[in-house]
Amino acid sequence: MASRLQRIIDSLDRVDVRILRVIETQLSRYYYVPLEVIERKAGIPGSRLGKSLLKLTSMKLVKRSLGSSSGYTLTYLGLDVLALWSLIRRGVLVRVGERIGVGKEGDVYLVEMPGGGLAVAKLHREGRTSFSKIKRVRSSVAFIDRKQWFRIAKLLGEREFKVLVRLHEKGAWVPEPIALDRHCVVQEYREGVELYRVRELPVDEAHTLLRGLLETLRIAYTSVGVVHGDLSEYNVLYEGGGRGVIIDWPQYVYREEDGAEELLLRDIRYLTSYFRRRFGIDIDIEDALGYVRGVKSAPP
Ligand SMILES: Nc1ncnc2c1ncn2[C@@H]1O[C@H](COP(=O)(O)OP(=O)(O)O)[C@@H](O)[C@H]1O
Ligand SMILES: [Mg+2]
């Protein structure tokens, strides 16, 4: 499974990677890192440097400034490649496969781990997350301009990874997190279909699934203290036999935060009404809410 990303990674040599890393590091100081700075920090002679920068530019891993003074900045593709390259070097992955899923930006990849097991690498984007999703995260970042994009993407990756660790150890129905590098979250591959693609289900299976999902929301709320905040039939993978997982957690909010209760209500209303419309499961929203909030002990 030699995907486009894997081919890019394979074509890079040590010098190319060193240059990418120098540019990445210097982004905290420059938007376009001046050529002299790259040359000095990377310690690579001019002609070799020029050749490599030409290659990196044509592969769209870096972008050259327009205008007279030469400088280079990292693209999202460059950041993706750095993260995946580093995960391979760390021994987390052996290769990057094809893009999967319906992600708005399509940046969830199937990846192979040592030993042949499959995982998923989700490359976060500042812009992939809908505005309302990101607004809540943004409030913790003072101001936003292009320089901040990578920082937000990394923050989203970190949030998703950490919350998955906590949810998974509490037994919630979520993919097991495997590793984090920059803005890239590696997680267990779950072979399911997005719930929106499931046309019909036997009533008992649909009921088991809904209960399981509500139990996961209950664990999230009562044991981890978070609300998903973007629950829909697109963020549930159905695995058959009444089992599934809830994915896509970076926009979670803590239950103490402003608006958390409204989001919880929204998530639960959305889920219960979807199951009612699609599968004919009629459960009371107040019962579901009480169960998730830990007020009621019996599942609806
Ligand atoms: N752990 C996983 N196992 C299998 N497929 C996944 C997994 N995580 C994500 N996907 C696939 O990638 C798609 C997008 O992932 P998601 O986390 O919802 O990101 P977003 O909606 O922000 O693009 C999902 O709809 C699903 O098809
Ligand atoms: Mg999603």
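Residues numbered from 1 in each chain as written. Chains lettered and ligands numbered in written order. Predicted model: local features only at pLDDT ≥ 70, side-chain atom pairs only at ≥ 80, totals over all residues. Heavy atoms only, no water.

Draft legend 1. Representation of the overall build of the protein in the model. Across its full length, the protein holds ten helices and 13 strands. Considering only contacts within the protein whose residues lie at least 6 apart along the sequence, 63% involve residues at least 24 apart. A distance of 7 Å separates the average location of the 49 positive side-chain charges in the protein from that of its 39 negative side-chain charges. (Helix = DSSP H or I, 4+ residues; strand = E, 2+ residues; numbered from the N terminus. Contact = heavy atoms within 4.5 Å. Lys, Arg positive; Asp, Glu negative; His and termini not counted. Charge placed at Lys NZ, Arg CZ, Asp CG, Glu CD.)

Draft legend 2. Looking closely at the coordination of the magnesium ion (ligand 2). In the first shell of the magnesium ion (ligand 2), the protein supplies Asn235 (OD1) and Asp248 (OD), at 2.1 to 2.2 Å from the metal. Of this pair, asparagine 235 sits in the loop between β10 (226–227) and β11 (236–240) while aspartate 248 is found in the loop between β12 (243–246) and β13 (253–254), placing the two residues 13 residues apart along the sequence. Like asparagine 235, the residue aspartate 248 is buried in the burial classification. (Donors = N, O, S within 2.8 Å, 3.2 Å for Na, K, Ca; no water. Buried < 20%, exposed > 50% of the residue type's maximum accessible area, 1.4 Å probe, protein only.)

Draft legend 3. View of the domain arrangement of the protein. We note that the domain assignment places domain 1 (4–74), domain 2 (81–188) and domain 3 (193–292) within the protein. Summarising the inter-unit geometry, the C-alpha centres of domain 1 and domain 3 are found 45 Å apart. (Domains from an automatic or database assignment.)

Draft legend 4. Quick peek at the confidence of the model for the protein. Summary statistics for the protein give a mean pLDDT of 91 and a share of 90% for residues scoring 70 or more. Across residues 140–144 the pLDDT falls below 50, and counting only partners more than four positions away or on other chains, this stretch makes eight contacts in the model. (pLDDT = per-residue confidence, 0-100.)

Draft legend 5. A look at the packing of aromatic side chains. Enumeration according to the criterion identifies six aromatic pairs in this entry. Judged by centre distance (6.3 Å) and plane angle (80°), the ring pair of tyrosine 274 and phenylalanine 279 falls under edge-to-face. This pair shows no difference in class: tyrosine 274 is buried, exactly as phenylalanine 279 is. Following the ring pairs from residue to residue traces out a cluster consisting of Tyr274, Phe275 and Phe279. For arginine 125, the ring lying beneath its charged end belongs to tyrosine 76, and the centroid distance is 4.4 Å. Its end group placed over the ring of tyrosine 221, arginine 255 keeps NZ or CZ at 5.5 Å from the ring centre. (Phe/Tyr/Trp six-rings, centres within 6.5 Å; stacked < 30°, edge-to-face > 60°. Lys NZ or Arg CZ within 6 Å of the ring centre and 35° of its normal.)

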